[in-house]
Every structure is written in structure tokens, then in C-alpha cells.
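# Breakdown of the fold
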Amino acid sequence: MISNLNILLPEIFLTLSIFSILMIGVFTKRSFNLVFNLSSVILIITIFIILNSPTDETKIFLESFIRDTFSSFFKVLILIASLFVLNSSKNFIVDNKVNKFEYPIIILISILGMFFMLSSNDLILFYLGLELQSLSLYILASIDRDNLRSSESGIKYFVLSALSSGLLLYGCSLLYGFTGTTNFDLIANELTKDNTGAIFAMVFILVGLAFKISAVPFHMWTPDVYEGAPTSITSYFAVVPKVVGLALLIKFMEIPFKNILVEWQIILIFISIASMMLGAVAAIVQKNLKRLLAYSSIGHIGYALAGVATGAIPGFESATIYITIYVVMNIGAFSCLYLMKKNGEYKENISDLSGISKKNPVLAFALLIILFSLAGIPPLGGFFAKFYVFTSVIQQEMYTLAIIGLLTTVISAFYYLRIIKTIYFDDSVITFDEVKNKTAQITILLSCGILLSFFLYPSFLNEIVNSLFIN
Amino acid sequence: MNFPILSTLIFLPLVSSFFIFLSKNENNNSSIYVSLFSSIATFLLSLFLWYSMDLDVPDFQFVEEQSWINDFIKFKLGIDGISILFILLTAFITPLCILSCINSIKERLKEFLIAILVLETLMIGVFCSLDLVIFYLFFEAGLIPMFIIIGVWGGPKKVYSAFKFFLFTLLGSVLMLVAIIAIYWITGTTDITQIYEIKIPKEYQNLLWLAFFSSFAVKTPMWPVHTWLPDAHVEAPTAGSVILAAILLKMAGYGFIRFSIPMFPLGSEFFTPLVFSLSIVAIIYTSLVALMQDDMKKLIAYSSVAHMGYVTLGIFTLTKQGIEGSIFQMISHGLISAALFLCVGVVYDRLHSRLINSYGGLVSYLPKYSIFFVVFALAALGLPGTTGFLGEFLVLVGSFQKNYLVAILATFGVVLGAAYMLWMTKRVIFGDVKNEQIKSLKDTNKLENLMLISLAFLIIFFGFYPAPLIETLNAPVDNLINNYEQAINTTNLVNNDQ
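Counting restarts for each chain, with residues numbered from 1 along the sequence as it is written. Written order decides the labels, with chains lettered from A and ligands numbered from 1. Local features in this predicted model are restricted to residues whose pLDDT is 70 or higher, and side-chain atom pairs enter the listing and the counts only when it is 80 or higher, whereas totals over whole chains, interfaces and linings include all residues. Derived side-chain values reflect all non-hydrogen atoms in the structure, with water molecules and hydrogen atoms excluded from consideration.

### Examining the overall build of chain A
- The helix and strand inventory of chain A stands at 21 helices and four strands.
- Relative to its length of 471 residues, chain A is compact, with a C-alpha radius of gyration of 21 Å against a globular reference of 23 Å.
- Using a 1.4 Å probe on the protein chains alone, a residue whose accessible area is under 20% of its type maximum counts as buried, one over 50% counts as exposed, and one in between counts as partly exposed. Taken across its 471 residues, chain A has 65% of its residues classed as buried.
- Residue pairs in contact within chain A that sit at least 24 positions apart in sequence constitute 80% of those at least 6 positions apart.
- Accessible surface, chain A: about 16,800 Å² in total, of which carbon and sulfur atoms supply 66%. Numbering of helices and strands starts at the N terminus; helices are DSSP runs of H or I of at least 4 residues and strands are runs of E of at least 2. C-alpha atoms define the radius of gyration in this analysis, and the globule rule sets the expected value at 2.2 Å times the number of residues to the power 0.38. Residues count as neighbours in contact if any of their non-hydrogen atoms are within 4.5 Å of one another. Note on areas: Shrake-Rupley with a 1.4 Å probe; residue coverage comes only from the protein chains shown.

### Overview of the overall build of chain B
- A count of helices and strands for chain B gives 20 helices and two strands.
- Since a compact globule built from 498 residues should have a radius of gyration of about 23 Å, the 22 Å found for chain B is in line with a globular shape.
- Projected onto its principal axes, the C-alpha coordinates of chain B cover approximately 75 × 55 × 40 Å.
- Per-residue burial for chain B yields a buried fraction of 66% across its 498 residues.
- Sequence separation of at least 24 residues holds for 81% of the intrachain contacts in chain B that already meet a minimum separation of 6.
- Accessible surface computed for chain B: about 17,600 Å², of which carbon and sulfur atoms make up 65%.
- Between the centroid of the 27 positive side chains of chain B and the centroid of its 32 negative side chains there is a distance of 12 Å. Note on charges: Lys and Arg go in the positive column, Asp and Glu in the negative column, and His and the chain ends are not counted at all. For this purpose, a charge sits on NZ of Lys, CZ of Arg, CG of Asp or CD of Glu.

### As for the environment of G413(B)
Residue and element names in this part refer to chain B.
- If you trace the backbone, G413 turns up in helix α18 (residues 404-428).
- For the pair G413 and Y310, spaced 103 residues apart in sequence, the C-alpha separation works out to 9.1 Å.
- With near-sequence residues (within four places) excluded, G413 lies in contact with I283, S287 and Y310.

### Things to note about the pattern of salt bridges
Residues and elements named next belong to chain A.
- A pair is scored as a salt bridge if a Lys or Arg side-chain nitrogen falls within 4 Å of a carboxyl oxygen belonging to Asp or Glu. Per the counting criterion, the structure on display carries 20 salt bridges over all chains.
- Here K75 and E11 are joined by a salt bridge, their closest N and O atoms 2.9 Å apart. Of this pair, K75 sits in helix α4 (residues 69-88) while E11 sits in helix α2 (residues 9-27), placing them 64 residues apart in sequence.
- Judged by relative accessible area, which is 3%, K75 ranks as buried.
- Here E11 falls in the buried class, since its relative accessible area comes to 1%.
- One salt bridge connects D56 with R67, and the closest N-O pair in it is separated by 3.3 Å. Of the two residues, D56 sits in the loop between α3 (32-52) and β1 (58-60) while R67 sits in strand β2 (residues 65-67), which places them 11 residues apart along the sequence.
- Under the relative-accessibility criterion, D56 is labelled partly exposed at 43%.
- Look at the salt bridges and you will find they share partners, linking R149, E152, K156, D224, E227 and R291 into a network.

### Digging into the interface of chain A and chain B
- The partner chain B presents 32 residues to the 37 residues of chain A that form the contact.
- Note on terms: buried area is the combined drop in 1.4 Å-probe accessible area of two parts once they are placed together, counting the loss on both. Of the roughly 3,300 Å² buried between chain A and chain B on both sides combined, carbon and sulfur atoms contribute 84%.
- Linking chain A with chain B are zero salt bridges, by the criterion used here.
- Elements represented by at least two residues in the side of chain A that touches chain B include exactly α16 (356-359), α17 (361-375), α18 (381-395), α19 (399-424) and α21 (459-468) of chain A.
- When residues of the side of chain A that touches chain B are assigned to their parent elements, the largest contribution, 13 residues, is made by α19(A).

### Notes on the pairing of strand β2 (residues 73-79) of chain B
Residue and element names in this part refer to chain B.
- Across the seven residues of β2, six count as buried, placing the element largely inside the fold.
- Pairing between strand β1 (residues 61-69) and β2: six bridges, direction antiparallel. Opposite E64, over in β2, you have L77 as the bridge partner.
- The loop that links β1 with its antiparallel partner β2 comprises three residues; one of these, D71, has a positive phi angle of about 50 degrees. We treat two strands as partners when DSSP finds at least two bridges between them.

### Looking at the nonpolar core
- Residues belong to a common nonpolar core when they are buried Ala, Val, Leu, Ile, Met, Phe, Trp, Tyr or Cys residues joined through side-chain atoms within 4.5 Å. Ranked by internal contacts, the top residues of the largest apolar core, which has 381 residues, are F212(B) and M263(B).
- Of all hydrophobic cores here, the second largest spans five residues; its members include I7(A), I60(A), F65(A) and L125(A).

### What to know about helix α10 (residues 228-235) of chain B
All names here are of chain B.
- Counting buried residues in α10 gives eight out of eight residues, a clear majority hidden from the surface.
- Within α10, burial applies to W228, L229, P230, D231, A232, H233, V234 and E235.
- Turning to α10, the residues buried within the fold contact α6 (143-153), α7 (158-187), α9 (202-219), α11 (238-263), α13 (296-317) and α14 (320-351).

### A short note on the confidence of the model for chain A
- Of all residues in chain A, 99% have pLDDT values of 70 or greater, and the mean over the chain is 88.
- By definition, pLDDT measures how confident the predictor is in each residue, and it falls between 0 and 100. Across chain A, element-level confidence peaks in helix α6 (residues 102-119) of chain A with a mean pLDDT of 93 and bottoms out in helix α1 (residues 2-7) of chain A with 77.

### A few points about a nonpolar patch on the surface
- A contiguous nonpolar patch, built from F400(B), Y404(B), L405(B), I408(B), L409(B) and F412(B) and spanning about 610 Å² of accessible area, is present on the exposed surface.
- Relative to the helices and strands, Y404(B) resides in helix α18. The patches reported here contain residues having more than 30% relative accessible area and no salt bridge. Joining distances are 9 Å for like charges and 5 Å for nonpolar side chains (Val, Leu, Ile, Met, Phe, Trp, Tyr).

### Quick look at the confidence of the model for chain B
- On average, residues of chain B score 86 in pLDDT, and 99% of them reach the 70 mark or higher.
- As scored by the predictor, the complex reaches a pTM of 0.91 and an ipTM of 0.88.

### Quick word on the packing of aromatic side chains
Residues and elements named next belong to chain B.
- Here is the rule: rings of Phe, Tyr and Trp (six-membered ring for Trp) pair when centre to centre is within 6.5 Å. Planes less than 30 degrees apart are stacked, more than 60 are edge-to-face, and the remainder are tilted. Within the structure shown, the criterion is met by 65 aromatic pairs over all chains.
- With centroids separated by 5.7 Å and ring planes inclined at 50 degrees, the aromatic side chains of F43 and F92 adopt a geometry described as tilted. Of this pair, F43 sits in helix α2 (residues 28-52) while F92 sits in helix α3 (residues 81-104), and the two are 49 residues apart along the sequence.
- With a centroid separation of 4.4 Å and an interplanar angle of 50 degrees, the aromatic rings of F135 and F259 are classed as tilted.

### Focus: the packing of α7(B) against α9(B)
All names here are of chain B.
- Only the stretch in contact is used when fitting a helix axis, every axis being a line fitted to C-alpha atoms; angles between N-to-C directions are given from 0 to 180 degrees. Interaxial distance between α7 and α9 falls to 8 Å at its minimum, and their mutual angle equals 150 degrees. One element, α7, and the other, α9, form an angle in the roughly antiparallel class. The way α7 lies across α9 gives a crossing that is left-handed. Along its contact with α7, which presents F168, T169, G172, S173, L175, M176, A179, I180, A182, I183 and I186, the element α9 presents Y204, L208, A211, F212, S214, S215, F216, V218 and K219.
- Split into classes, the residues belonging to the contact of α7 with α9 amount to 14 nonpolar, five polar and one charged. Each angle is binned into one of four classes, with values under 35 degrees roughly parallel, values over 145 roughly antiparallel, values of 65 to 115 roughly perpendicular, and all other values oblique. With the far helix as reference, a near helix turned anticlockwise by less than a right angle produces a left-handed crossing, and one turned clockwise produces a right-handed crossing. Ten residue types, Ala, Val, Leu, Ile, Met, Phe, Trp, Tyr, Cys and Pro, are classed as nonpolar, four, Asp, Glu, Lys and Arg, as charged, and the remainder, Gly among them, as polar.

### Considering the packing of α19(A) against α7(B)
- Here α19(A) crosses α7(B) at 155 degrees, and the two axes come no closer than 10 Å. With respect to their mutual orientation, α19(A) and α7(B) come out roughly antiparallel. Seen along the crossing, α19(A) lies across α7(B) with a hand that is right-handed. Counting all contacts with α19(A), which are made through Y399(A), I403(A), L406(A), L407(A), T409(A), V410(A), A413(A), F414(A), L417(A), R418(A) and K421(A), the residues of α7(B) involved are V159(B), F163(B), F166(B), L167(B), L170(B), L171(B), V174(B), L175(B), L177(B), V178(B) and A182(B).
- Class assignment for the residues of the contact of α19(A) with α7(B) results in 19 nonpolar, one polar and two charged.

Encoded structure:
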């Protein structure tokens, strides 16, 4: 029993440190900085704990908790992503007076929830992790509680997300009813195509997960919440929960639902195409950068889902690569928002970027790289993400999906180009303040560096991802 | 040879653009010297390549191979007689562009030079790559610097033109990407030398050919997807138009020769009538459109579409004369259109107008300029003794072997070409002075003389003595046609057996 605890070490460490920094936060005055820095340290230590843990596959607690390379990879990914999201947004948090010490703690709690989701091998543990994560996200969405729009987005997110969680729970209970077990491996053995009830359950679970990754038609909350929540929270929303949602979709396809893949696939193909199309078309009319990024993220999830929809290992690998590069691009894009400050106010409209290439050439160039990468133009990182996905899609001879997907990249290229046009071609109207935000600048630099130099050694990511799906 | 000479050639401009990027001071001279030096070094290096190539062998030479993505794609480079000519053209035109922007680009010169050098890297990369994915990478990446060049330094309608250019080309290319991935799953490789050997099954060839065609047709550009070209040309700055006309358009012709014909011989045979008809429409229709233009750049842009019509026509005659003529025509058009755009740039820098109406009678006030202009205009209409004549002549010889009707229709294009070129020359260079400002214009300066003389020299030199170019082409073109005929004959035999 005690040896089992070793396997839980990252989770245990995270839980204990959350409790201790909570105490520190409560009992010291003006503790935001301290708690903030401590939580960064905690994130780094957790990364090291996970990297140092053995890589063999182990299941504990009646096989409800699993530690394997798959979950470890995604855990490290969300930890690194949260580290950069948190640190690049620190100045923004302070300037917008949301610097409450609970802020980093709630983020850590949501990460804990995601850890359990990623490691779950059982419906109950999965649902508990999901709820822990969702509850933290509701609070985060409305953390700027004196701001009407932030509270509104929190409520919106809460109502819709609770509904989807309910549907998901209903699906879980149906699944238990039809298979008699909550364990993923056992469900996989029990499920067959003849089990119509279980297909019902699958649809409900898919709805719940699709909501979390904001795939069409469950995307309605995304633009409003992205726009209403403070930018620092939006960037967290845009990156971390999506990674987890996608990982869970892959996991469900790989283990419990592997015998009814065909049914699952049809729905996923539809969702993928719908997300790509909506992401491409709806973003064209947006004037607010955060809203635009919301639609763009819907589109990107569509591409990642195209990889998942293949239902084959190469497809899962490509989706994993996609979401990893997506994380790099989005963290970079949101970090640019922290540098757009005028008279102490952060700007978030596309028109505010007019002609910044003259006065902020570096920021303009960074945005150029990130936006072309989001559009998927070679030789930037975003192209390779799309390339791998479509390679795996075409391998399964799903030509329609591939052609529709690639045509939507042309449509979506239009709105990315429109931002680049505003930055480079238009005359400059405003001059941003000199923002001293070293961490955001470093984040942007790293993100651009990765995207620009990705073509030099693209197999780096492949090697890691290939090892996740070997079994 | 172990030294990676092709990679050096490709990445030399990129590295120097990086140095320009790092240079902080606003001293433009140093940027110009660095870019000029690196582009001339690239040119000398490509001359050295040409010199040290074995011209009697049709195989790829200086091949470099490196693993790039595990078990999937190799970074493979290599050149043969066809690609070296395009590399030479690229490396020759780029220094001229850099020289031309000293006069014409007034703001953000540093960024402009970076864009040009990055573009050079990508263009040379296109002509060197022996792997489909690497080719696609270079081919598509060229959109980014060109979009910026048109959009930042372009004319009044620059935004519309830049978007049109980018989206048209991207739309064509994504289908090619699908085809490339499909080829990988059919043959198990993206290395084109291996694909040549493997031979793609017959049932896939037509579709794959169409997917590649969609990309190359937009880039060529062929009628009816040529509409982005006049807009892009008119709005782009002089150097941008020069690169666009001289090199970017040639990527598509090169693509047909390197990919479409050897990889899909059956598809090429099947779709030859389609290409012929589109080429004829391009030659006749766009020549007529060119007649009606009142903007010099637009006129040259439409004439480019017509000239590229000869190129596609020649390639798909699939005869030795036709293909060699097409390649010769591409090189020649690269030099001539570059020269014409530079000529327009010279007067545009002085008078800030591209309209034919605002000029007239230049010959009395700008005699040197007028000589150049007339020489290039005559070369463009295909006067014997210039490269323009030889290219068109060989293409027509090739097409007479295949189809009389097509050849006769294409010959009309030559007459129309003479009509619009001579008419423009008459209105711009000769006639009455319509604009008092012309009297105060200065003739070409030393820099402009240098650029125009070097172009005029090459156009006339290769017009009289094309042997060096044709000899370079002989071996690979023979090889191409042999392989093509072999592929066609084997399928015919199989069909007869059944």
C-alpha cells in the first residue's frame, strides 16, 4: 500500500503544497507575490517529480488510477503551459487588481483535477477530477468579481458547463448500467456494437468532453467567456483545459470505446468538420482579438479532432503533436496581449494594432510569426502540426475530411492575414506604453523561437509522442 | 563531394539576412552592402556550380541527403541541367533587385532587403529540392515575404492585391499538399527520384495530376486563374514585380517539368488537351486584354500571362523542342520581364505614374532610356536575335509536331504580342510630349545603366548564341522524354494485350 503512494507522488506533493500555500496566503498580509512565486516553484518541482518517475505502466487502487507515459506527457505539458501562462501574465494580474492570493492557488487546484482526469482509469475518478477542474475554472472565469463582464462570463460558463457535466454524468451512469462496471478496461471488454444503450452513453460522454474543448456545436460559451474573463484567465482557458479534454478524448477512444470506434468516429468527423468551418468563418467578422482567438481556437480544436477522428494510433499521435504546437502558439499569442498597453489600460481590439510595426518592430515581428504559424504556413511550427494531422487523415483514406480541412485553412488564413495587414500595412494610430514585462517578452521569444526553428529538427516531438502510444 | 554546396547556396542569403536583422543602427548603407555582397556571392557560387557540373549526365548531381523527420522525410537536395538554369536566373536577378531598391524604396529599406534575401533562399530551395515535402515547404514559404513586400511597399490598392495573391496561391497549393501526402501513402516515400522509379498506379494518376495542376496553374498563372497577377504586379514595388515575374512564375513551369510529367506521365497525356486549350486562351485572350491596358505594369503583367501560355504549351507538347523551348522561354521571359519592370520603375521613380498616357516623346529627353526600352520591347515581342525569339520559335516547332491547329492559333499570339508591345513603345517613347514634366526628367544614372546593360547584354548574347543554355538542357530533357515515352508505351502494350 505504501509503495503505491510513490506512484501518486506528484498528486500528493501538489495537494500538500496547495494546502500549505493556502495557509501562507491566509496568515500573511499582502501575500500575493509570495504565493505566486511559491506556486511557480511548486509547478517546477512537480515537473521534475514527474520527469524522474519511472516510465512503466502501473495501475493502482483497484486499477482506477493509472500512471503511464501518456498521462505523464500531458501532465508535463499542462504544467509547462501553466507555468508560462501564469508568469507571463503576472504584470497583467497586478495591473488589473485581480492579484488575490487565491488566484494561483485555484489554478493549482484545477491542475490537480486535471491530473486525476489524465490518470483516471475509472469513470468515478474521471468524473471527480473533471468536477474539481470545472469548479476551479468557474471561479477563475469570474475572478474579477467587481467587473460585470467577468462575473457574467463566470455565470455563463457555470450554467452551461454544469449542464454538460450533468449530461456526462448521465452518460457515465448509463455506461455503468449497461456494462456493470466503471473500470475502463472492463468496459472495453463488455462493450460491443450490439449494445445500443452503451452507444447512447457514449454520445452523452462525448457531449461532455466536446463542451470542455469547445468543439462545435458545444462552443457557444467560448467567445463570451474568452472576452469577459481577464486576459490572463482567458489564456489559461485557451490552453490548459483544451489539452486535457483532447487527451481524454483520445483515452476514451483508445480504451473504453475501442470496440465501438465506428459509431464514435462518425460523430467526431462531424464535430471536427463543423469546428473547422465555424472557426474559419465566424472569426472573419470579429473585431476583438480575444474573441477572434476564441474562434481560432475552436478551429484549431477541429484540426486536432480530425486527427483523433481517424481512430488509429498515427492519428492520435498527430493530434497530440497538434495540441502541443497549439499550446506554444497560443501562449505566444496571448503574451503579446500583455504588451499592448496604453495609458495603463490593456488594449484588445484588432484596430489597436494599427501600424505597430513602426514603433514596436519586435512585437510586430513576433505577432507575424505567431499568426502565420496559426494560419499553418510553412516553414513555421503550425504547418507541421497540420501536416501531421492531414498525413494521418489521408492514411485512413478520409479524403473528404482532409480536403475540407485544408480548404478551411485557406479561409482562416484570411483573418490571420487581416491582423497582419493591420500591423504592417496600416498607418500607425497609437503608441503603446513601454511595458516592462520581462516574463511575457521571454515567453514570446521562446514561442517564436520554437515556431521558427521547428523545421530544423521536427522529429524531436515525434520521437517523444511516438513513445506514448507504443503499447 | 562532401561539402554541402547546395545547402550553402540556399542558406547563404538567409544567414546574411539574419545579420541585417541583427544590425541595430539605422545605417542603410551597411545593409545594402551586406545584401549585395551575399547575393553576388550566391551568384558566383551558382556560376561555379554550373561550371563544375557534368552536363552529359541526366542524373541529379551534388546530391545531399539528411534524415529530417524519422523514417518519413529526408532533406534531399540535388540539381540537374534544368534546375541549374533557374538557380542561375534567381541568383542573377536578386542582386539587380537589391540595386533597384536603392532608388525606389524610401522607407524601411532594411526590412525590404531582409524580405528579398529570405525570398531568394526560398526560391533557390524550390529549384534544388528533390523531396516533395521539402519542395512544398519552400514553395509555400515564399508567400510570406512576397505578401509583406506587396503589402508594405506596394501602391494604393496594395492590401487587396496582397490578399488576392496570398489566398489564390494558398488555395491552389493545399490541394497539392493533399496529393503529396496521398503519394506518400501510395508509394511509401516522398523522394522524387524514388517515385520516378516506383511509378504511381494508373488509377491515381489523373486525380493527382489535377491536384498538382491546381497549384501550378494558379502560380503560372494560367487562364482563368490569372487574375491575381495583374493586381499583384501593379501594386508591388519594382523589385517585387521583378522577382514575381522573373522567378516566382517560373516555379510553376519548373514544377510541371520536374513533378507532373515524370511522376504522372499518363495523367499528363490524358490532360494535354486541357493544357493546350487553356494555353491558347491565355495566349490569344490575354494578348487582347494587354492591348487595352493603359497602365504599363498591367500591360506587362498580361503579356507575362501570354508568355507563360507559350511555356505551358511547349511543356505539354512533350517533344524535345517544345520542352527545351519552354525552359528557354522561361529564362528569357525572366530576363525580359525583369528588364521591362525595371524600365517602368525608372520612370516611375521620376514621375510617379505608370499610366501610358502620362508619357510620350521620351526619346527626345531620355535617349539612353529609350534605347533600352526599345531593345527590351523588341525582345519581348520575339525579334530574332533576342532570347524572346528562340523560346517562342522552339515552342512553335514543338507544337507543330503535335497539333497543327494549336500551333497556328499560338502563332497568332506572336502577332498580337508585337501589336501591344509596339503600340506601347510608340505611345511611351515616341510621339508628342504630353506632359511638360517630362522635359525636366533626368536620363538613366550609372546604377540604372549598369542594371539595364547587364540584362540587355544577356538577352542579346543568348539570343545569338543559345548553345550554352541548350547544351545544359539536352541530357535531362532527353531523359525526361525517354522516360515519358517508355511509360506511355508500356501502358499501351498492356492495353493491347488485354
